[in-house]
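# Topology and contacts: notes
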Amino acid sequence: MTLVGLLALLPMQAQNYQRSRYYNPGSGRLDYRGGRATGNWRRGYDYTYYGFRVGPSFSTVSSDDKYLDGSSVKTGLNVGMATGFNIGNRSPLFLETGLYYTEKGGKGKADGGRFTYNLNYLELPLVLKYQLDVDRYFSIQPFLGGYLACGVGGKVKDFNNREAYSSFSDSPYSFQRFDGGIRMGCGVQYDMFYVDLTYDLGLANVSHDDFDESRNSALMLNFGLNF
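For the structure given in this document, a descriptive report is provided here. (Residues numbered from 1 in each chain as written. Predicted model: local features only at pLDDT ≥ 70, side-chain atom pairs only at ≥ 80, totals over all residues. Heavy atoms only, no water.)

### Here's the deal with the environment of Gly 112
Our working rule: Strands are runs of DSSP state E lasting at least two residues, helices are runs of H or I lasting at least four, and both sets are numbered from the N terminus onward.
With respect to the secondary-structure elements, Gly 112 resides in the loop between strand E5 (93-110) and strand E6 (113-130). For the pair formed by Gly 112 and Asn 160, sequence separation is 48 residues and the distance between their alpha carbons is 7.8 Å.

### Some details on a nonpolar patch on the surface
Put simply, the rule is: The patches described consist of residues with a relative accessible area above 30% and no salt bridge, like charges being joined within 9 Å and nonpolar side chains (Val, Leu, Ile, Met, Phe, Trp, Tyr) within 5 Å. The Shrake-Rupley method, run with a 1.4 Å probe, gives the accessible areas here. Residue values count only the displayed protein chains as cover. Any Lys or Arg side-chain nitrogen located within 4 Å of an Asp or Glu carboxyl oxygen qualifies as a salt bridge. Burial classes follow relative accessibility: with a 1.4 Å probe on protein chains only, a residue under 20% of its type's maximum area counts as buried, one over 50% as exposed, and anything between as partly exposed.
A contiguous nonpolar surface patch, about 900 Å² in accessible area, is contributed by Phe 58, Val 73, Leu 144, Met 184, Leu 197, Tyr 199, Leu 201, Leu 203, Leu 219, Leu 221 and Phe 223. Elements that contribute at least two residues to the nonpolar patch include exactly strand E12 (193-202) and strand E13 (214-226). For Leu 221, the position within the fold is in strand E13. What makes Leu 221 partly exposed here is its relative accessible area of 30%.

### Thoughts on the pairing of E12
Defined as follows: Think of it this way: DSSP has to see at least two bridges between two strands before they count as a pair.
A one-sided burial pattern is seen for E12, the buried positions being Tyr 194, Asp 196, Thr 198, Asp 200 and Gly 202 and the unburied ones Phe 193, Val 195, Leu 197, Tyr 199 and Leu 201. Bridge count for strand E11 (residues 178-190) against E12 is 10 bridges, and the pairing is antiparallel. Residue Gln 189 lies in a different strand from E12, and its bridge partner there is Tyr 194.

### Structural notes on the pairing of strand E8 (residues 138-153)
When a strand is regular, its side chains alternate between the sheet's two faces. Relative to E8, E6 runs antiparallel, the two being bridged by 10 bridges. Across the sheet, residue Val 127 finds its bridge partner in E8, namely Gly 145. Strand direction decides the pairing type here: strand E7 (residues 132-133) and E8, joined by two bridges, are antiparallel. Its bridge partner being in E8, Leu 132 is matched across the sheet by Ile 140. Bridge analysis of E8 against E11 gives 13 bridges, and the strand direction is antiparallel. Paired with Leu 144 across the strands is Met 184, a residue of E11.

### A closer look at the pattern of salt bridges
Following the criterion strictly, the structure yields six salt bridges and no others. Of the charged contacts, one joins Lys 129 and Glu 96 as a salt bridge, the two residues approaching to 2.9 Å between their closest N and O atoms. Within this pair, whereas Lys 129 is found in strand E6, its partner Glu 96 is found in strand E5, the two being separated by 33 residues in sequence. Judged on exposure class, the residue Lys 129 and its partner Glu 96 are both buried. One connected set of salt bridges, linked through shared partners, spans Lys 104, Glu 123, Arg 183 and Asp 200.

### Some thoughts on the packing of aromatic side chains
This is how the line gets drawn: Here a pair means two rings of Phe, Tyr or Trp (six-membered ring of Trp) with centres within 6.5 Å. Their orientation is stacked below 30 degrees between planes, edge-to-face above 60, and tilted elsewhere. By the criterion adopted, a ring carries a charge over it if an Arg CZ or a Lys NZ lies within 6 Å of its centre and within 35 degrees of its normal.
Following the criterion strictly, the structure yields five aromatic pairs and no others. Ring plane angle 40 degrees and centroid distance 5.0 Å describe the contact between Phe 115 and Tyr 117, whose orientation is recorded as tilted. No difference in accessibility class separates Phe 115 from Tyr 117, as the two residues are buried. Aromatic pair Tyr 121 and Phe 168: ring centres 5.7 Å apart, planes at 70 degrees, arrangement edge-to-face. In this pair, Tyr 121 is assigned in strand E6 and Phe 168 in the loop between strand E10 (163-166) and E11, connecting sequence segments 47 residues apart. An identical accessibility class is assigned to Tyr 121 and Phe 168; each is buried. Following the ring pairs from residue to residue traces out a cluster consisting of Tyr 47, Tyr 49 and Phe 94. When the ring centre of Tyr 194 is taken as reference, the NZ or CZ atom of Arg 53 above it lies at 3.9 Å. The residue whose ring lies beneath Arg 183 is Tyr 100, and the NZ or CZ to ring-centre distance is 5.4 Å.

Spelled out as structure tokens, the structure:
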């Protein structure tokens, strides 16, 4: 419901995106019918942006327990919203956060059988992003920070015994619900169109067993729009 509410706000925000080539300074709105808008453009960073992101995630679960080690890549979905706030109107440095639904997990084999971990999270990232303007419409945006995550669903599938149970249950072969770690990557933006490559390195031990350590990692390719 939170993502739906944020999506409903995007059309209103898009009308005020002053860095777009279609921004008409006379009306204060985006004007697509008249082609590329003209006006005096001033390089400035004193603004807030909102973005929509969607793309695939490629994740693994590394563990020192062979029954928890899902070191083969599992593909999932990453979708969410982002918002960024400028830190000083003369500096191209932004503080970005948001809310994402991310499917992580991994695949592995043990004792001749195979298993799959599906770990679905709601993630709250917080990163510092530097906006390097190449020209008026094109920018490169490296970022670094961290994330917190809460497990909201998923299944552990044991194909050898044909069993499936919740990824966040009390089973010794399930996982802790909360996760956190480092987030880093780089984005590229042209006008309102945005793409980035994001890497999450889990630092929290998500294993239920006190004697084992299991950690998430994921590489995500995100496509979207900034408003």
